[in-house]
Structure formats: structure tokens, C-alpha cells
Amino acid sequence: MKQPEVQHPNRRTYNATATATAFRTLPTAGAALDGGGGAVAGDGAPLKPLSVFFSPAVHVLCCLLSAAAGFRFSRLLFLLLFSPAPPSSTLHLHRHHLHLLRQPPAAVLPSPPPPELPPPPPPPPTIAASGRVVAGRHGIRVRPLPHPDPAEVARAHEILSRVQQEQRLQYGVKESRPILVVTPTYARTFQALHLTGLAHSLMLVPHPLTWLVVEAGGVSNETSALLARSRLPVIHLAFNEKMPVLWNDRHRFEARMRLHALGVIRERRLDGIVVFADDSNIHSMELFDEIQKVEWMGALSVGILAHPGAPQTTSRRQERETQKNSPLPIQGPACNSSGQLIGWHTFDSLPYAKKAAATVGDGMTVVPTKLEWAGFVMNSRLLWKEAEGKPDWVRDLEEVATSGEEVQSPLDMLKDASSVEPIGNCGKKVLLWWLRAEARSDSKFPARWVIDPPLEIVVPAKRTPWPEAPPDLPFKQMANDKSLVEKRVSKKGRSSRSKRSSRSKKKREPHADTRISDLQEE
Amino acid sequence: MGSGTWILALLVLQSVFDGIYGLEQEVNHRTERISGSAGDVLEDDPVGRLKVFVYELPSKYNKKILHKDPRCLNHMFAAEIYMNRFLLSSPVRTLNPEEADWFYAPVYTTCDLTPNGLPLPFKSPRMMRSAIELISTNWPYWNRTEGADHFFVVPHDFGACFHYQEEKAIERGILHLLKRATLVQTFGQRNHVCLKDGSITIPPYAPPQKMQTHLIPPDTPRSIFVYFRGLFYDVGNDPEGGYYARGARASVWENFKNNPLFDISTDHPTTYYEDMQRAVFCLCPLGWAPWSPRLVEAVVFGCIPVVIADDIVLPFADAIPWEEIGVFVAEEDVPKLDTILTSIPIEVILRKQRLLANPSMKQAMLFPQPAQPGDAFHQILNGLARKLPHDEGVYLKPGQKILNWTAGPVGDLKPW
């Protein structure tokens, strides 16, 4: 919008009229000098002793002095030095024709330093009834230490958070229903990355939540450490089978893990809205506000980030084609114009037929199943054995589990899928993104990402002002160096290439660079 | 006897529960009713309480001027034009001057614009004088009261002093012929020559549709503590500072330019309105004149206005309790602004926000086209209605003359 300042009651550039006309001595503020308000209306008497300062001789003297000094100082200084009258006497300044100082000085007139902090905080100040406010020149008041006081900053932040809380109360969700987050996970290289991101997202959710983490391969210290850091209420469930290596198997395995969590919800009669948050998915905060509207079972749109794990070897033209034809695929409910659910947008895996990843970490595009679990949320009472108002279009969980059939998505748990509520503006708003990014299944990482014992190797960096290699570095240590470098590089999972790279790089580059360049080679 | 006490106990319990329930509802309420010194008058309907006669002046006083420069419809002085349009089609208008309580002459004195869009007031006194001469010769109602039951809209910087520069405006004073009339103006400062008793202070015009289109969802968290966009030094007219805003804006800049709580700059962002809706406090310091459209914008966007202008009189001051809605900071206290703002108790801040959220508050600051109940037009009429009935001093005795038609600077006497 156009800056209102331009339209503001602005002085027009009326140069000729202003500077040329001599001003009448109008009452101007002595407020600048004493910080008080009052000024007397223009009577003649107090001006007489001061009129000497406005004689042309003094004016010329001041101009010359300013020119000599290099900054403009006002005749006010003389007044301060010589005037016996209390500072509240009126004074008037002519506009200087010479404006030597282009930038306004920080403190034109030294104002008496205001108290650093007023003792008890005053109530909102009322306007002083005393004294007229007068037009004319005033000083610019600057306090001696314009630094923000940390206590005040803290109070300001308290105010902000309270205001935002009030906003949430008034305009956001009225009553927070608790949320039950179901996450299947297992200890692997990228687990720390994914679980930390998910933990941070969940820590931001303003509603009460319980996190059910089902871990394949049993409860491990890795996962426990990550979960403990989140300080959320966690139910850490063990699922005592190892996570399979092939993606198709894994999708089925994860479904079984989720059903296990749902069984726990059922047996403990946990109350809330069940969200299937896979550890590598990305969730928006609006998701958690939107799902509060679900009555029994809701479906939302999931953006599918099916990306190639490694740089493609296909030609650029092919890539451009695929990109042109397929925008970001979205899974979710399909609605008609009146907002009723009429079908499902599912993931079309045909374009990825040749490029689909089979094994975890093989670098090809990971494709999701037709309808991912993440796109569904349900009221936990659907899972309970007995719940009042439970609709009849949902199958009993026990019956689903014992029937032996494969549950690919929550829709398999329903007799009739037409009663699912589409949320997120009937699926138009994508509230979360599905992503799978994994390292090779045999890749290794330091336990709990703690380097213990600490590194012992000292490799001289190439570009240091110090001499190349300290003369007392034993040749033996150099040999150790080689083997350790190899071991470390192999943690990246490139054991076949490590020997070659480490030998070539050891001589040329510092240790840290080796790893970076390795990554770049991938 | 026993049943009687039981019934009594039940009644007491019921009233207690009702009370608690009522209190809960109160606490969760989003807004609060606003009532100023004149009472709960924001939603009053002026229709039926007064009658206004609109003089039909030749179009050279209004339509032709507007036709020459249609920019007058969008600048912050546009209230005079929209007030005329509103009155022409309003139910309070009467075509019979004998039954009118108030008389209105539509003169667009603020529509002589420079190429930059700023109004030049040099011809305004002559224009006003010429209009008054016209109505006093063609209708008897002016001479009957010498203008005491007439009102004029003068939204310029210093109202009817007709000058943009304060010292000059003070020198001129209010146009002598308007001495007895009611002035509807944006300028308001206590003990100032250019604000006469009985004037109605109105907000400057701010385009309502434009502000509507920039609304963001109300649950967007307010994360800016203090917000301000505008000039601190008017380099063109006051390079060293000290004149512009009486040094207050420069003081704000020098004290708080490095303070992370203060989001202040001279930027012209396209997200100005959206940013105001994300701020808790919006600074409304004086500029060359004490009033600014920032107050209107702050109220519409729910940002608590921090008014830094000594002795300012805010719009509709008798209908709106501004002390309860905004924060007033004396110009000498600007260096302590952060201390002042952070030491306001949180309940007070929440209450101010609730008052600002009242839709009648926002409506009272706007000039929507077409007019809506409770808007600024209606507040002006309410203000005029509250001044009724006229007291006896209004009507002159036969032969009594108060106004001196030759008073004022010689230049004003030239015909327009």
C-alpha cells in the first residue's frame, strides 16, 4: 500500500518562503531542555535578555565557528552557557541557511538523563493537564543506554505468548481432544534424522498427545534415547521381528506393526484421535488442528514425495517429460462439488514401474502403496470393544486381526467406506507429505550418534600455516591412520570404493574433506 | 416449614450456578461493549433525532473541483466528499429548511492538490468565505444564527486554520466567519487555536475495501511486539530533526532502532496491513500534525494503538473511551517506551484487544460506501444530535451582529 507518510500532513518544499521570511518569535518549546512540558505563551519580556543572541553578529560568529568545527552547533549552547534564566524561558531559533550537518545528530541537545528504569512500573500514563504543547523546534531525546533490558524482553515475550494463547482460545480449536500418534520405526542410520524431526513436530502440537512408537526388532537404546529427548508421553512397544529389507515386504510389515499399536489402544482403552505418523513423513501443524473436527474416521490429502534416491542416469529429456506429465502426486479423498466423498485419489505407480526401488537403500525411487495409512485418522473409540455411539460400518479390530487377511489401509477395517469424512477442505489442502529416505540397510553409524571413545587421529590439514607434517609423527601411526580411515569411510556403506578413495585422498586433503567428497561421489 | 427452606435452598443454589455459568460465558467472550463519556452511544441511530438541510451550492464549490482532480476521492481528506454524498441520500436530510436542526454547505476545500497529491490550502479560506457569502445572501438561515446551527467538514491538517504548517496555522487561527459554526475536522489537540469548543473530531479517511481485502485469519498468532512503518526524519523539510513530530519520531528511532522487540523502519512493504494484524502494539506518533490514518488502521486490524502526541483529541472522544483502548505515551517519555509497554499488565492488554475486537468500534472508524449503521457518518450525526437542542445563544436577536466580515488576513477577502 502506498506509504501513508507521503499523504501525511507534510510540509511541502516551500524553501523560498520559509527560509527567507524572518520568523516572528513564536513561543517554542523549552521542553527540550528540561524535559518538562510548560512553556509560556509569547510575551515580550523574557525575550529581551535573549534577543542579544539573535543579533546578526552572533549569528555570523556561530556560522563561522560551525564552519570551522565541521558540525553545526546551535546558538543554544551559548544560551546554556550564559543564560541565567531557568531553562524554561522561551527561545527561538532561526533556521540556519547553512546546513552543514546533513544527518541529524543523535542528540541535538543534551537532555538530562532520564532515570534508567523507573522504580515501580507506572500505570498507563495520563496526559499531563499542565502546560500547553507548543509548536517549533524540540530536541530529540535519547537515553544514554538505548540497549534493550533483558528482563523487559522476557516480559514482552511472556506478553506475546499469552496473547497468542488467548488468540488460540478464541479463534482456534475450542476444546482440544487428545491425539494418539502411531509410529512404526526401527533402529537404522536415518532413524535419528526422521525421529528427531517427528519429535520436534509433535512437541509443537498444542493439544495433549500420546505417542505410541512400535519398534521392529524389540526395544532398543537408540530409539529410547531419541524418544526420551522429546519429553512427550511415549508408549514404546516392542515388535519382536526384524524389519524386512524389501520395500513391498516392509509396507506389509509396517501395517502389522500399526495394527499391533491399535490393539494396545483397544486393550488400554486410550481415548483420542489416532494419527498414523510415519517417522519419515513431514506433518504440518494445521494437520493437528484440522483432525480435531473428525467424528469417527477422516481422510486427508497426502502429498507423495516419490523421489529418486540417487541421481538419475536417465537422459534429461526423459526427466523433463516425466516431470511435465506428473505433478506432485496426491493421495486422498475425492469429493464432488457438494463436498461429499465420492472416491479416492490413489497413487499411480505405473510411471515408476521400472524405476521403483525394491530394496531399502538401493537408490531408486521409493513408491508408496495405493493408499497410505498416513492419510487416515480415526477416533480411538472405533477400536474399543464397547463404545457408545460406535457406528456399525466399522469392523471389530479383533475380527480383522484374526481373519488373517492383509490389511493394506484403514479402509480394510471398514465394512463401508462411504462414511469416511474428508477433511482439509474436502481434501483440497495437503496437510502432510509422505517421504521415504533410507540409507542402505547394512550401513553403520556410531551408536546413539555419540563418538565414544573420542577420535585419536591427528591428520595435518593441507592449508595451514604450520609445517606439513610434524617430524615426530611415527610411520606406524600413518599405517593405523590408513586402516581407520577405511573403517570410517565404510560406515557410509561404500566399502568397495573406500580403499581407492582413501588412498588417493589421504595425501591430498584433510580428513574431513574425505567424507564430504565421498558423499559427493555418491 | 421444611419444604419452604428446601425450596429456598434450591433457588439459592440455582442462582449461584447461573452466576457461575454467566461468569464463564463472560470470560470467554471475544469482545466487550464500548461506552464513552456520553454513554453507550456507538450504536445509536441518528435517524429521527435530527434533520439536516443541505444547501445546494453551485457545482464550482464541489462537483467541478472533484471532477478536475478525482484523486481527492482516495486521499485521507476524502471525508468531506463522502460526507456530502452520504447526506444527500440520507434519511436525516430534509428538503424543508424550516424544520432543519442543522445546516450543511458542501464545500470541498481540501481538493486543490499538488502533483504529488498533497492539498494546498492557500485558496481554501477564500473558497469558504465565498460559499458563506453565497449562503448568507441567498438564504436567511445563516444570518439568523450567524452560522451557529451550521456545520462544515474541514478535514485538512489543522482544520479550519487552513494551513499545513503549524506556526502559520496558529497565526491565522480559525477562519473568522466560522467562529460560531460547528466544525467537523480530523485535527484535535487540546488548548490549540485550531480546535474550537464543540468541534467534532473525526478519523481521517482510510479506504475500507482496501483494508478488507488484506485481512488475514484471526488465529494467525500475533508475533510482532511493536510495529511501525513511516518516516522518522522528514529529510526534505526538516533535515536535522527537531521540528518534525516535535522530535518524537526521531527519538523513537534513535532509542529503539536496535531493539528486537520493535519492528520499525521506513520501509514501504506490500504486507503493511498484514503485518499490522500480526502485531500487538502499533505506534501512532504525531507527524507534522498530531493525527494520522494509522489510528484507523490499528483499530481495524486489532493492533493496540500507542498514541504519542501530547494533548491530542482523538476521534469521537465522547463516544469512545480511548484511554481504555489505546496506550498514551507522553512525548517526553518516548525513551522509556519499552519499559512502559512491557510493564502493562497482561489483563489490561487482553481487555484492550477485546475492546478493539468489537465490530462497532471498527465500524465507527470507517467511511464505507454505501454507508452502514454505526459507521463514521452515523457517529458524526450522533455527535450533532447530542448537541441538540440548540440553546438560546444560537439565535441572534434582531439587529445583533457578531461576525466581522472583514476580519482576517487581507488576502482572504479577495473573491474566489
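Residues numbered from 1 in each chain as written. Chains lettered and ligands numbered in written order. Predicted model: local features only at pLDDT ≥ 70, side-chain atom pairs only at ≥ 80, totals over all residues. Heavy atoms only, no water.

Our focus in this paragraph is the confidence of the model for chain B. Confidence in the prediction of chain B, expressed as mean pLDDT, is 88, and 94% of residues score 70 or more. Interface confidence for the predicted complex, expressed as ipTM, amounts to 0.84; the pTM equals 0.65. (pLDDT = per-residue confidence, 0-100.)

The subject of this paragraph is the sheet that holds strand E12 (residues 430–435) of chain A. Residue and element names in this part refer to chain A. Here we have five strands laid out as an open sheet, ordered E5-E12-E7-E8-E9, and mixed in their pairing. Both edges of this open sheet fall to strand E5 (282–283) and strand E9 (341–345), since each of them pairs with a single strand only. One ladder, built from four bridges, connects strand E8 (residues 330–335) with E9; its direction is antiparallel. Residue pairing across strands places Gly332 opposite His345, the latter belonging to E9. (Pairing = 2+ DSSP bridges. Helix = DSSP H or I, 4+ residues; strand = E, 2+ residues; numbered from the N terminus.)

Right, let's get into the sheet that holds strand E3 (residues 150–153) of chain B. Sheet architecture is open: five strands sit in the order E1-E2-E3-E4-E5 (chain B), paired in parallel fashion. The two strands at the open ends of the sheet, each matched to only one other strand, are strand E1 (52–54) and strand E5 (200–201) of chain B.

Our next topic: helix H8 (residues 191–204) of chain A. Residue and element names in this part refer to chain A. With 14 residues, H8 should reach 20 Å at 1.5 Å per residue; the first-to-last C-alpha distance of 20 Å fits that figure. Three or more residues of H8 are buried, namely Gln191, Ala192, His194, Leu195, Leu198, Ala199, Ser201 and Leu202. Contacts from the buried residues of H8 go to strand E1 (179–185), strand E2 (209–216), helix H9 (221–230), E5 and helix H11 (285–290). (Expected span 1.5 Å × (residues − 1). Buried < 20%, exposed > 50% of the residue type's maximum accessible area, 1.4 Å probe, protein only. Contact = heavy atoms within 4.5 Å.)

Let us look at the packing of aromatic side chains. Across all of its chains, the model carries 28 aromatic pairs over all chains by this definition. Between A:Trp344 and A:Phe376, the ring centres sit 5.5 Å apart and the planes meet at 50 degrees, which makes this aromatic pair tilted. Of this pair, A:Trp344 sits in strand E9 while A:Phe376 is found in strand E10 (residues 376–379), placing the two residues 32 residues apart along the sequence. Under the relative-accessibility criterion, A:Trp344 is labelled partly exposed at 25%. Geometrically, the ring pair formed by B:Phe103 and B:Tyr141 is stacked, given 5.0 Å between the ring centres and 20 degrees between the ring planes. Here B:Phe103 is found in strand E2 (residues 102–104), whereas its partner B:Tyr141 is found in helix H5 (residues 141–145), with 38 residues between them in sequence. (Phe/Tyr/Trp six-rings, centres within 6.5 Å; stacked < 30°, edge-to-face > 60°.)

Another aspect to go through is the packing of helix H3 (residues 79–88) of chain B against helix H15 (residues 376–386) of chain B. All names here are of chain B. Two elements in contact, H3 and H15, have axes separated by 11 Å at closest approach and are oriented at 75 degrees. In terms of axis orientation, H3 runs roughly perpendicular to H15. The segment H3 lies against H15, with Tyr82, Met83, Phe86 and Leu87 engaging Phe377, His378, Ile380 and Leu381. (Axes fitted to C-alpha atoms, helices over the stretch in contact; angles between N-to-C directions. Parallel < 35°, antiparallel > 145°, perpendicular 65-115°, else oblique.)

Inspection of the secondary structure puts B:Ser199 in the loop between strand E4 (182–185) and E5. For B:Ser199, the side chain forms a polar contact with the main-chain oxygen of B:Lys196, separated by 2.8 Å. (Polar contact = N/O pair within 3.5 Å; in protein donor to acceptor, adjacent residues only side chain to side chain.)

Residues and elements named next belong to chain A. Among the secondary structure elements, Ser224 is positioned in helix H9. On the basis of relative accessible area, Ser224 is assigned to the partly exposed category, the value being 27%. It is 9.6 Å that separates the C-alpha atoms of Ser224 and Val234, two residues lying ten residues apart in sequence. Setting aside residues up to four positions removed in sequence, Ser224 forms contacts with Val219 and His236.

Moving on, we come to unusual backbone geometry. Trans is the prevailing form of peptide bonds, just as negative phi is the prevailing case for residues other than glycine. The amide bond that connects B:Gln369 to the next residue, B:Pro370, takes the cis arrangement and shows omega of -5 degrees. In this structure, B:Pro389 follows B:Leu388 across a cis peptide bond, with omega equal to -5 degrees. Mapped onto the elements of the fold, B:Pro389 is located in the segment after H15. Here the phi dihedral of A:Asn425 falls at roughly 55 degrees; this positive angle occurs in a residue that is not glycine. For A:Asn425, the position within the fold is in helix H14 (residues 424–427).

What follows concerns the side chain of A:Thr223. All names here are of chain A. On the secondary structure map, Thr223 appears in helix H9. Take Thr223: its relative accessible area is 0%, and that puts it in the buried class. With sequence-adjacent residues up to four places away left out, Thr223 is seen in contact with Thr185, Gln191, Leu195, Val213, Glu215 and His236.

Here we come to the packing of helix H7 (residues 150–171) of chain A against helix H13 (residues 346–356) of chain B. Close contact between H7(A) and H13(B) brings their axes to 11 Å; oriented N to C, the two are set at 45 degrees. In terms of orientation, H7(A) and H13(B) fall into the oblique class. The way H7(A) lies across H13(B) gives a crossing that is right-handed. In this structure, H7(A) uses A:Ile159, A:Arg162, A:Val163 and A:Glu166 to contact H13(B), whose residues at the interface are B:Ile346, B:Ile349, B:Leu350 and B:Gln353. (Left-handed = near helix turned anticlockwise from the far one by under 90°.)

Turning our eyes to something else, we now look at the pairing of E1(A). Residues and elements named next belong to chain A. For E1, a buried count of seven out of seven residues is recorded, marking the element as mostly surrounded by other parts of the structure. The two faces of E1 match: Ile179, Val181, Thr183 and Thr185 on one face and Leu180, Val182 and Pro184 on the other face are all buried. Pairing analysis gives seven bridges linking E1 to E2, with the strands arranged parallel. Paired with Val182 across the bridge in E2 is Leu212. Handedness of the crossover joining E1 and E2 through H8: right-handed. (Right-handed = clockwise from strand over helix to strand, strands pointing away.)

Glancing now at the state of the cysteines. Residues and elements named next belong to chain B. Within the structure shown, the criterion is met by four disulfides over all chains. Residue Cys72 pairs covalently with Cys111 via a disulfide, S to S 1.8 Å. With the S-S bond torsion at 120 degrees, the cross-link from Cys72 to Cys111 turns out right-handed. Of the two residues, Cys72 sits in the loop between helix H2 (63–68) and H3 while Cys111 sits in the loop between E2 and helix H4 (124–138), which places them 39 residues apart along the sequence. Using a relative accessible area of 4% as the deciding quantity, one classes Cys111 as buried. At a sulfur-sulfur separation of 1.9 Å, the disulfide partner of Cys161 is Cys194. Between Cys161 and Cys194 the disulfide shows an S-S torsion of about -115 degrees. By sign, it is left-handed. (Disulfide = S-S within 2.5 Å.)

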